[in-house]
Amino acid sequence: MTAGLNFEEVEVSFGSKQVLRQTSFALEPSEISCLLGPSGSGKTTCLRAIAGFQKINSGRILLNENLLSKRGFQLRPEARGVGFVFQDFALFPHLTVFENIAFGVSHLSAVERKSRVDRLLEMVGLGALSKQYPHQISGGEKQRVAIARALAPDPRLLLLDEPLSQLDPELRTHLASEIRSILKSLGTSALMVTHSQSEAFDFGDRIAVMKDGQIQQFAEAYRLYHEPKNSFVADFIGRGSFIEGEVVGPNCIRLELGLLQAKLPSGLKPQDRVMTLVRPDDLVFDPESPVKLRVISRSFRGPYFLYRLETPSGSRVLALIPSHDDFQEGEEIGVRLEMEHVICFRDCR
Amino acid sequence: MSSIVNALRALVLSLPSLVLCASILSLLLFAFRGTEDLWSHIYEFVLWRALWNTLVTSFLAIFFASLVGVILAWLVVFVDFPGRRFFSAVLALPLAFPAYVFAFIAIGSLDYSSQLMTWLRESWAVDGHALFQIRSRLGMSLVLAASFYPYVYLLAREAFRSQGASLFEASRSLGCRPFAGVWRLSLPLARPWILSGVALVLMESMADFGVASAFNIETLTVAVYRVWFSMFSLPHAAQLALIHLGIVLLFLGLLRKLTREHLRYEDRGAGAEAPWEFQISRPWTWLISTGVTCFWFVVFVLPVLQLILWSLPSIQGGLDARFLGWVRNAILMSAATAILVCFFAFLITYLQRIYRLKALFSFARFATVAYAFPGSVLALSLSLVLIFIFGSTGAMGQWVLLAMWMALGLRFFAVGFQPIYQGFRRLSMNLDEASQSLGVSGFRLFLRLHFPLIRPSVLAAFLFVMMDCLKEMPIHVMMRPFGWDTLAVRIFEFTREGEWERAALPALVIVMISFPIVLWLSLKLSGIRKAEDSR
């Protein structure tokens, strides 16, 4: 059975340092989500609070309407029915793969236990390794064992703490989608902590972006990218640079790179200074354009070059330009703005 | 030319192992010279009793030492009780006591005529002696356990400390209760280390000579001594020594097999994080603190106080030249042995690093096996080598001192070899290659890279060997030239005559010298682990 999670105005502090500040979010049953944020933003603390390894100072944590934690009450970790996958896998080194997975189902009869473990082994594709010890298998295999072990007791919610960070980059994308499809097939809710956007995009139905112990935005990847709620999310998700501009009319901004016609956030009036996010794909190569930018550096990306360009006033932007043309550092090239989603915020500096 | 250098190098490197081989050979050769009549006497009246006594006392000692060592280590690592940091360091201190010092303190303070027992009898009409007799196999094994439990304690402590919190958190998220984790995780994971500690206790208990002779319990070591020095039968002493050696190696082999089977998971998983802590209510932590304090008083503070009390008259009476002579002899012999051991250990590991000598290195390393040999066996076998060379004991003269030096060196070769070998192993070969690529090689490489990096390991090796030599008794007693007494020899003589007060001062000197070394070892072990974790 899967469950919804409610994380309500939770506060956690270590000594005088407040790690979670009135953090709130909710997971739907069977939902797979990610907590994404820079290090020190409180992601792992959220996860540990849900698992019961971390006491909370105030607020409430509920799983399927059942209280897990509040001030002065912590349900024991072993009684929560919450699985946990650790960053370092934390496989028990003295037990075989089979015994590791069977660790949490020792209450079952030997026959049931074996069939449960065998089914999980098959699901993660490790049937042949059941007698191996953790030090005899590869990182990716350890990861699968850790997942199978956490799933064995049939948890109501699976928590994953940066589970892919110790693996090769190529393996990560592959495993993230694989874990996702296993969880989807079981219908288990899951929450994964990561600091890698691509992992979060591969894994989560929705992604919660965290900063300084607070959720900045909790939404699908598409909306985080194209409709960020604030400048932190805009800056943190995807690549891009903020360019200064000025509101010159209703739904019109003047940037150094040209005039932009777009629907503006409410509350902006003419003459307001704004910061506009320019993503690398918002700039199009146009030799006819009056806007000429100087190439500072470039890196080859197969079909594209990613150019770092400098405006006459010294601001820098990124531009993704097809690699049919090959511009050298120091050259000036013409570009044109072509934005579908204009992301701008009042300049508070 | 180079072939001569190679041969010379091989000879020097294999010297310790060659001496060990020669001593084993001489033991074997002498053992077959025995006459039948005496052997049947020994077989009937000595062997079985000595064997039984050795096995019973050793196994009881292992039982007590493992129990106490593991429990204490578990407490200081996993439970936050008042005084935990302090006890974590000082619980290893009884290692500074030679077991035979514990023995005479125990007899002197718990025997029938001791002040405590007299006071109990006269003031309370309690016959403590009827309840518990210290001069028994049980008493002897308790004394052995009290002096050897720190081996188990230190190794188990490091094993527990390396068990990162995430393993326990994982077990709890899988529905395992905290205390069930002790059985399902902590103990099985620490088993290889605990077994290594048990192996040390086994070797030390089986090699014990001082405690058994103080308690007047005839173990195999005492039997070898008696047959050698009272029955004057070298062949029969050699036979007994061989049997003794065989038993020690048999049990060590069994233990090693157990340890090996579990070393396959040497990959410890999580290590760098702080260990898990058990939440225990306040009154319990105070209870634990009280218990640990009482235990520490019994095994360390009270014995030290008793030694000081007994030593006072001797100190007030003024230290005579003879006493200073024993101290000088003991320190000279120990320091000379430590230098000998460090020299060979360093030479062997260093040349192996540079020239990658595989077979030669394995043979050179064979000498570390001597650590498992009881001191009495080594003393006898090296004396036999001398007798082979000189024909009789009379003609040896001061050569005996040389033999004693070699016997001590062999006995504690492993003690000095391990830190130096491990010290070199921790230095990546890339360091050598990096400095060679910077133009530093040969002797300058040694001076600028290896020496500064390996110095702490050599110092550790020197101190450990020195301490073990000071504490060693049978080699001192059985091999010293006439009139050349050391502290251990005097303690043996005084103890034999029941003169605890006179034995106390020499014992105090040994404890005072060992005390800082043990404390340093106890603190340093954690330091090494931290350094390895941060790597």
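Residues numbered from 1 in each chain as written. Chains lettered and ligands numbered in written order. Predicted model: local features only at pLDDT ≥ 70, side-chain atom pairs only at ≥ 80, totals over all residues. Heavy atoms only, no water.

### Considerations on the packing of helix α4 (residues 139-151) of chain A against helix α5 (residues 169-186) of chain A
Residues and elements named next belong to chain A.
Moving on, step 1. Where α4 contacts α5, the axes come no closer than 12 Å and their chain directions differ by 20 degrees. Taken together, α4 and α5 sit at an angle that is classed as roughly parallel. In this structure, the crossing between α4 and α5 has a hand that is right-handed. For the pair α4 and α5, contact is made by Gly140, Gln143, Arg144, Ile147 and Leu151 and by Leu171, Leu175, Glu178, Ile179, Ile182, Leu183 and Leu186, respectively.
Moving on, step 2. Its residues assigned to classes, the contact of α4 with α5 shows 8 nonpolar, 2 polar and 2 charged. (Axes fitted to C-alpha atoms, helices over the stretch in contact; angles between N-to-C directions. Helix = DSSP H or I, 4+ residues; strand = E, 2+ residues; numbered from the N terminus. Parallel < 35°, antiparallel > 145°, perpendicular 65-115°, else oblique. Left-handed = near helix turned anticlockwise from the far one by under 90°. Contact = heavy atoms within 4.5 Å. Nonpolar A, V, L, I, M, F, W, Y, C, P; charged D, E, K, R; others polar.)

### A short note on the interface of chain B and chain A
Moving on, step 1. Listed as interface residues are 22 residues of chain B and, on the opposing side, 24 residues of chain A.
Moving on, step 2. Summed over both partners, the interface of chain B with chain A comes to about 2200 Å²; 62% of that surface belongs to carbon and sulfur atoms.
Moving on, step 3. By the criterion of area lost to chain A, the three top residues of chain B are Glu169(B), Leu174(B) and Arg184(B), representing 29% of everything that side buries.
Moving on, step 4. Salt-bridge contacts for Arg48(A) lead to Glu169(B); the nearest nitrogen and oxygen are separated by 2.6 Å.
Moving on, step 5. Summed over the shared surface of chain B and chain A, the number is 5 residue pairs in polar contact (both at pLDDT 80 or more). (Buried area = accessible area lost by both parts, 1.4 Å probe. Salt bridge = Lys/Arg side-chain N within 4 Å of Asp/Glu carboxyl O. Polar contact = N/O pair within 3.5 Å; in protein donor to acceptor, adjacent residues only side chain to side chain.)

### Section: the layout of surface pockets
Moving on, step 1. Volume-wise, the second largest pocket comes out at about 720 Å³.
Moving on, step 2. Every residue lining the second largest pocket is counted, 22 residues in all, and those nearest its centre are Gly52(A), Phe53(A), Lys55(A), Arg172(B) and Gln279(B).
Moving on, step 3. Elements represented by at least two residues in the lining of the second largest pocket include exactly β6 (73-74) of chain A together with α9 (165-173) and α10 (178-207) of chain B.
Moving on, step 4. The greatest single-element share of the lining of the second largest pocket, amounting to 3 residues, is contributed by α9(B).
Moving on, step 5. Taken together, the residues of the lining of the second largest pocket break down into 11 nonpolar, 5 polar and 6 charged. (1 Å grid on protein atoms, 1.4 Å probe; cavity = no way out; pocket = protein on both sides within 12 Å on 5 of 7 lines; lining within 4 Å. Points joined across faces, edges and corners; volume = space filled by probe spheres on them.)

### Notes on the packing of aromatic side chains
Moving on, step 1. Applying the stated criterion across every chain yields a total of 53 aromatic pairs over all chains.
Moving on, step 2. Arranged with centres 6.1 Å apart and planes meeting at 55 degrees, the rings of Tyr307(A) and Phe327(A) form a pair that is tilted. Taken as a pair, Tyr307(A) in strand β18 (residues 304-310) and Phe327(A) in the loop between β19 (316-322) and β20 (332-337) lie far apart in primary sequence, 20 residues in all.
Moving on, step 3. An angle of 80 degrees between the planes, with centres 5.3 Å apart, marks the rings of Phe343(B) and Phe344(B) as edge-to-face.
Moving on, step 4. Overall, Phe344(B) belongs to the buried group, its relative accessible area being 12%.
Moving on, step 5. By the ring-pair criterion, three or more aromatic residues cluster together here, those being Phe81(B), Phe86(B), Phe87(B), Phe97(B), Phe102(B), Trp296(B), Phe297(B), Phe300(B) and Phe515(B).
Moving on, step 6. One residue, Arg184(B), lies across the ring of Phe103(A), its end atom 3.8 Å from the ring centre. (Phe/Tyr/Trp six-rings, centres within 6.5 Å; stacked < 30°, edge-to-face > 60°. Buried < 20%, exposed > 50% of the residue type's maximum accessible area, 1.4 Å probe, protein only. Lys NZ or Arg CZ within 6 Å of the ring centre and 35° of its normal.)

### Notes on the domain arrangement of chain A
All names here are of chain A.
Moving on, step 1. With domains assigned, chain A is organised as domain 1 (5-230) and domain 2 (239-345).
Moving on, step 2. Look at where the C-alpha atoms of domain 1 and domain 2 centre, and you get two points 39 Å apart.
Moving on, step 3. Facing the 6 residues of domain 1 at the interface are 5 residues of domain 2.
Moving on, step 4. Contact between domain 1 and domain 2 buries roughly 540 Å² in total, counting both sides, with carbon and sulfur atoms accounting for 56%.
Moving on, step 5. Considering only the side of domain 1, the residues that lose the most area to domain 2 are Tyr225, His226 and Pro228, jointly responsible for 74% of the buried surface there. (Domains from an automatic or database assignment.)

### Quick look at the sheet that holds strand β2 (residues 17-27) of chain A
Whether parallel or antiparallel, the strands of a sheet pair through hydrogen bonds between backbone atoms.
Moving on, step 1. Judged by pairing direction, the sheet is antiparallel, and its 5 strands sit side by side in the order β2-β1-β4-β5-β6 (chain A) without closing on themselves. Whereas interior strands pair on both sides, the edge strands pair on one side only; in this sheet they are β2 and β6 of chain A. (Pairing = 2+ DSSP bridges.)

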